[in-house]
Amino acid sequence: MKRKTKDRGWSPYLAGALLGLLAVVSVWATTALLGKSTYLGASTTFVRAAGLLERTVAGEHVAANEYFKKEKVRVDWQFMLVCGIFLGALVSSLSDRSFKLEGVPPVWKKRFGPSVGKRAAGAFLGGIVAMVGARMADGCPSGHGLSGMMQLSGSAFVALAMFFCVGVIVAAIVYGRRAS
Amino acid sequence: MSTEQILGLMTGVAFGFLLQKGRVLRFEKQLGALMLRDMTIFKFMLSSILVGMVGINLLSDAGIITLSHKAMNVGAVVVGGALFGAGWAIMGFCPGTSVGALGEGRWHALFAALGMVAGAALYAELYPFFKSTVLAWKNFGKIGLPEVTGLSPWVIIALFWAATISLFAWFEKKGL
C-alpha cells in the first residue's frame, strides 16, 4: 500500500484513520471540557448561518420560527468546526501546493460546458435540495456517515445507504457515461 | 472566543487538513465515488469509521462519554436521505466538503454553500408542514444496532471490520 497518492496526497486509508482518531479525541475533549459529548457534524451549521443572516433583516421572524428555536441560532462548537474546515483545507493545500482556483470542475465542463453561470446554478440548486434532505434526515455524511456509523446508530446505516444509492442513480442520470 | 468556540475551531482545522490531505474534497472525487469509478472517498470514510467505532465504543463502555444517536425516524431518514443523495450528486459536494473545497481554491463550492444556506432557510419555513407529514409517519427513536439486533456492539464491530477489510483487499486487487 502506497503512503502517497499520485496527486501527492496522503493515502486515503491513512488520512481516514487519522480522522477516526480525531473524531474519538474530539468526543472525549468536548465531554471533558464542555460537559457534553459532541460528535462531528456539519449540516446544522447551515441552519444557524441561515438564521444569523435572516436575523439581520427579519429578527422577529427568526425569533418566532419553530425550527430556528429548536436548533438555536448562535455561533456554537459546530459552527466554528465548519469555519475550521475551511482554514485547515486552505493551510493544507497551500503547504503542498495543491491549492488551485477552479470555477468549473473538469467533469462538469465535459458534460455541461465551460459556463460558470451554469455550474453556479447547478451547485446552488443541488445545494438547496441536499440541505432540505440533510435537515429532514437530521444529518449529512459527517453526522450520519461518520459520527452515526461510529456509534452504530440504526439511523446512520439507513441514511448512508440512501445517500449513496440515490446519489449513484442521480449521478448516472445527470453525468451519464459521457463524462468519463 | 469561548472555550467551546476555540475547541470547535481547532478540531475543525484538523478535520479540514485531513480531508484535504486525503484528497476527498474535490468535485471529481465526490462524483468519482458516486459513479463508482474512484474509491478514494469510500476508503477514507470507511477507514475513519473503523478506527472511530472502536474508540467511541471503548470510551462509551468505560463510561467516559455518552452516545448520542440520531432518531430512526423512517420518513425523515428515507425521504431526507434520498433528497440529500440527489442534491449531492448534482452539486458534487456535501456540507462539510463544500467549505473545505472553498479552502483549497475551488470557488464554485461557494455557490453550493450558498445553496445549502438557502436550503436550510427553506427547511426552517417548511418545518411545521414536514413535522405533521413526513416526520410523523413512524419513529423508532434513538436506537443503536446493538439494541436492534440483540448483539454486543463488539460483535457488530468485528463483523464490520471483517467486511470492510475484505472490501479494501478487493479494491486493491482490482486497482480501484
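Here the structure is a predicted model, which is why all the values come from computation and not from measurement.

### Points about the nonpolar core
- In terms of nonpolar packing, the biggest core is built from 103 residues, with Leu 19, Phe 46 and Tyr 175 of chain A together with Phe 15, Phe 84 and Tyr 123 of chain B touching the most fellow members.
- Element by element, the count of residues in this core is highest for helix 6 (residues 109–132) of chain B, at 11 residues.
- Discounting chain neighbours no more than four positions away, the residues touching Phe 46 of chain A are Met 131 of chain A together with Pro 95, Ser 98, Val 99, Ala 113, Met 116, Val 117 and Ala 120 of chain B.

### Considerations on a nonpolar patch on the surface
- Judged by side-chain polarity, Leu 94, Phe 99, Leu 101 and Val 116 of chain A together with Trp 107 of chain B come together as a nonpolar surface patch covering roughly 470 Å² of accessible area.
- In this fold, Trp 107 of chain B is placed in the loop between helix 5 (95–103) and helix 6.

### Description of the interface of chain A and chain B
- Contacts between the two partners involve 122 residues from chain A, matched on the other side by 116 residues from chain B.
- For the pairing of chain A and chain B, the buried interface totals around 10300 Å² over both sides, and the portion due to carbon and sulfur atoms is 75%.
- Among the residues of chain A in contact with chain B, Tyr 13, Met 136 and Leu 152 of chain A are the three that bury the most area, contributing 8% of the side total.
- For the interface between chain A and chain B, the tally reads 6 salt bridges.
- Here Lys 21 of chain B ties to Asp 96 of chain A by a salt bridge, and the two come within 2.9 Å at their closest N and O atoms.
- Our count for the chain A to chain B interface comes out at 37 residue pairs in polar contact (both at pLDDT 80 or more).

### Notes on the environment of Ser 153 of chain A
- Relative to the elements of secondary structure, Ser 153 of chain A occurs in the loop between helix 8 (141–150) and helix 9 (154–175).
- Residue classification places Ser 153 of chain A among the buried residues on the basis of a relative accessible area of 1%.
- In contact with Ser 153 of chain A, not counting residues within four places along its chain, are Gly 148 of chain A together with His 69, Lys 70, Ile 143, Gly 144 and Leu 145 of chain B.

### Comments concerning the packing of aromatic side chains
- Counted according to the given criterion, the structure contains 20 aromatic pairs over all chains.
- Between Phe 163 of chain A and Phe 84 of chain B the ring centres are 4.6 Å apart and the planes differ by 50°, which places this aromatic pair in the tilted class. A residue pair is termed interchain when its members come from two chains, as with Phe 163 of chain A in helix 9 and Phe 84 of chain B in helix 4 (residues 74–91). Take Phe 163 of chain A and Phe 84 of chain B: they sit in the same class, and that class is buried.
- Aromatic pair Tyr 123 of chain B and Tyr 127 of chain B: ring centres 6.1 Å apart, planes at 50°, arrangement tilted.

### Notes on the confidence of the model for chain B
- Here chain B averages 96 in pLDDT, while 100% of its residues score no lower than 70.
- The ipTM assigned to the predicted complex is 0.94, against a pTM of 0.94.

### Describing the packing of helix 7 (residues 116–137) of chain A against helix 6 of chain B
- At a minimum axis separation of 7 Å, helix 7 of chain A and helix 6 of chain B run at an interaxial angle of 40°. Between helix 7 of chain A and helix 6 of chain B, the crossing angle belongs to the class labelled oblique. Crossing of helix 7 of chain A against helix 6 of chain B: the hand is right-handed. Across the interface between the two elements, Ala 120, Ala 123, Phe 124, Gly 127, Ile 128, Met 131, Val 132, Arg 135 and Met 136 of chain A of helix 7 of chain A pack against Phe 111, Ala 112, Leu 114, Gly 115, Met 116, Ala 118, Gly 119, Ala 120, Leu 122, Tyr 123 and Phe 130 of chain B of helix 6 of chain B.
- Grouping the constituent residues of the contact of helix 7 of chain A with helix 6 of chain B by class yields 16 nonpolar, 3 polar and 1 charged.

### Comments concerning unusual backbone geometry
Residue and element names in this part refer to chain A.
- Even without glycine at this site, Arg 97 takes up a positive phi of about 55°.
- Tracing the chain through its elements places Arg 97 in the loop between helix 5 (77–95) and helix 6 (106–112).
- In the Ramachandran plot, Leu 152 falls in the positive-phi region, its phi being about 60° despite a non-glycine side chain.
- With respect to the helices and strands, Leu 152 occurs in the loop between helix 8 and helix 9.
- The exposure class assigned to Leu 152 is buried, which follows from its relative accessible area of 0%.

### Concerning the pattern of salt bridges
- Under the counting rule described, the total for this entry stands at 14 salt bridges over all chains.
- Note that Arg 26 of chain B and Asp 7 of chain A form a salt bridge whose closest N and O atoms lie 3.9 Å from each other. Remark: Asp 7 of chain A occurs in the segment before helix 1 (12–34) and Arg 26 of chain B occurs in the loop between helix 1 (3–21) and helix 2 (27–34); the pair is interchain, linking two chains.
- Judged by relative accessible area, which is 26%, Asp 7 of chain A ranks as partly exposed.
- Glu 104 of chain B is paired through a salt bridge with Arg 106 of chain B; the nearest N and O atoms lie 4.0 Å apart.
- Residue classification places Glu 104 of chain B among the buried positions, given a relative accessible area of 1%.
- Residue class for Arg 106 of chain B comes out buried when judged on its relative accessible area of 3%.
- Taken together, the salt bridges that share partners define one network made up of Asp 7 of chain A together with Arg 26, Lys 29, Asp 38, Glu 104 and Arg 106 of chain B.

### Here's the deal with the state of the cysteines
- The tally for this structure, following the rule as stated, stands at 0 disulfides over all chains.
- In this model Cys 83 of chain A remains outside any disulfide bridge; the closest cysteine sulfur is found in Cys 140 of chain A, 15 Å from its own.
- Since its relative accessible area comes to 30%, Cys 83 of chain A is described here as partly exposed.
- There is no disulfide at Cys 140 of chain A, and the cysteine sulfur nearest it, in Cys 94 of chain B, is 6.3 Å away.
- Its relative accessible area of 1% is what places Cys 140 of chain A among the buried residues.

Calculation notes
- Residues numbered from 1 in each chain as written.
- Chains lettered and ligands numbered in written order.
- Predicted model: local features only at pLDDT ≥ 70, side-chain atom pairs only at ≥ 80, totals over all residues.
- Heavy atoms only, no water.
- Core = buried A, V, L, I, M, F, W, Y, C linked by side-chain atoms within 4.5 Å.
- Buried < 20%, exposed > 50% of the residue type's maximum accessible area, 1.4 Å probe, protein only.
- Helix = DSSP H or I, 4+ residues; strand = E, 2+ residues; numbered from the N terminus.
- Contact = heavy atoms within 4.5 Å.
- Patch = residues over 30% accessible without salt bridge, like charges linked within 9 Å, V, L, I, M, F, W, Y side chains within 5 Å.
- Areas by Shrake-Rupley, 256 points an atom, 1.4 Å probe, with all protein chains shown as cover.
- Salt bridge = Lys/Arg side-chain N within 4 Å of Asp/Glu carboxyl O.
- Buried area = accessible area lost by both parts, 1.4 Å probe.
- Polar contact = N/O pair within 3.5 Å; in protein donor to acceptor, adjacent residues only side chain to side chain.
- Phe/Tyr/Trp six-rings, centres within 6.5 Å; stacked < 30°, edge-to-face > 60°.
- pLDDT = per-residue confidence, 0-100.
- Axes fitted to C-alpha atoms, helices over the stretch in contact; angles between N-to-C directions.
- Parallel < 35°, antiparallel > 145°, perpendicular 65-115°, else oblique.
- Left-handed = near helix turned anticlockwise from the far one by under 90°.
- Nonpolar A, V, L, I, M, F, W, Y, C, P; charged D, E, K, R; others polar.
- Disulfide = S-S within 2.5 Å.

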